[in-house]
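Tertiary structure, described
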Amino acid sequence: MPTIEALRARHPEIRDDFTIDQHWARYTRADHETWRTLYRRMEKVLPGRACDEFLNGLKALKIGDEQIPDMERLSDELYKLTRWRVVAVPSLVPDDIFFEHLANRRFPAGYFIRKPEQLDYIEEPDVFHDVFGHVPMLALPVFADYMEAYGKGGMRAQGLGMLPNLARLYWYTVEFGLIAKPEGLRLYGSGIASSRAESIYSVEDASPNRIHFDLERVMRTKYRIDDFQESYFVIDSFDELFGETYKDFGPLYARLQSGLTHEPGTILSTDRLHHRGTHRYQPGSHRASA
Ligand code: PHE
Ligand code: CO
């Protein structure tokens, strides 16, 4: 994570909260073209795989394929729905800054767009992952409230040294979450929603485990950042997710002081399985997209 001083060399106007001006006018035609390509690829695979809440958010916020969204205009639309705003940052921000933004209903989004040769994989979250992947769900009131609560919970977890556990919750819900709908499993996690290959893999491939969401189980489970997930956690509803998390984590944090930590692919006898993965794929043969 670069320090603010290091970032200041490239972004002299960076503020103490790590936000910068998006400088929308500076995007080139090629940048908008990259957005359009990414958007259209996802548009082909998301119907029937992404949940309606995600697709409705995309539509309601008018996040179109034509050009990289202007975060100010997008924020004005989002604010009307859930009182959230999107703010531009150079890239990943320190944890405490990130939590502070979320707790105040601001979503920090990377302003830059990946290069054409990075359509499938990028290490740092760019504007496509952050805006296309994350912002649609923020149009849903219960999810918007969950994200704010997560920000507040993050500050608390940091003080208690529980951040590694809480980060797993973010990973397996906000980034890689699945939801069970009457029509079948659907994705809502942004790390999936911004990746063409993982959008298909996460809901359809026989390889990964799909396990019903359990808060403590999730907080004990490590995750992979460099490949498709070996396990996805499935919620029944966003109300369930909010209900399970909008309570005092104190007793849970106490329990987490001891007991097991699970590998990403482990299945436990206590798991409620939607699907037992076959693990037939070779680790490393697929790469997840940020
Ligand atoms: N309930 C958590 C706590 O007591 C905060 C939190 C809410 C964390 C929702 C994540 C999501 O710390
Ligand atoms: Co993300």
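One can find the structure itself at the top, above this paragraph.
Rules used throughout
Residues numbered from 1 in each chain as written. Chains lettered and ligands numbered in written order. Predicted model: local features only at pLDDT ≥ 70, side-chain atom pairs only at ≥ 80, totals over all residues. Heavy atoms only, no water. Helix = DSSP H or I, 4+ residues; strand = E, 2+ residues; numbered from the N terminus. Rg over C-alpha atoms; globule rule 2.2 N^0.38 Å. Buried < 20%, exposed > 50% of the residue type's maximum accessible area, 1.4 Å probe, protein only. Contact = heavy atoms within 4.5 Å. Areas by Shrake-Rupley, 256 points an atom, 1.4 Å probe, with all protein chains shown as cover. Lys, Arg positive; Asp, Glu negative; His and termini not counted. Charge placed at Lys NZ, Arg CZ, Asp CG, Glu CD. Near = heavy atom within 4 Å. Polar contact = N/O pair within 3.5 Å; in protein donor to acceptor, adjacent residues only side chain to side chain. Nonpolar A, V, L, I, M, F, W, Y, C, P; charged D, E, K, R; others polar.

Considering the overall build of the chain
When helices and strands are counted, the chain shows 13 helices and seven strands. By the compact-globule yardstick of 19 Å for 290 residues, the chain fits well, its C-alpha radius of gyration being 18 Å. Seen along its three principal axes, the alpha-carbon backbone of the chain occupies a region of about 55 × 40 × 35 Å. In the chain, buried positions account for 55% of the 290 residues. Looking at the chain alone, contacts between residues at least 24 apart form 69% of all its contacts between residues at least 6 apart. Summed over all atoms, the accessible surface of the chain reaches about 13200 Å², with 51% contributed by carbon and sulfur. The centroid of the 37 positive side-chain charges in the chain is displaced by 2 Å from the centroid of its 44 negative side-chain charges.

What about the site of ligand 1?
In the vicinity of ligand 1, the contacting residues are Y146, A149, Y150, G153, R156, L166, L169, T245, K247, D248 and F249. Measuring from a nitrogen atom of ligand 1, one finds a backbone N or O atom of T245 at 2.7 Å. Between ligand 1 and the protein, one listed contact pairs an oxygen atom with a backbone N or O atom of F249 at 3.0 Å. In the complex, 92% of the free accessible area of ligand 1, which totals 330 Å², lies under the protein chains. Elements supplying a minimum of two residues to the shell around ligand 1: α7 (141-160) and α8 (163-175). Classifying every residue of the shell around ligand 1 gives six nonpolar, two polar and three charged.

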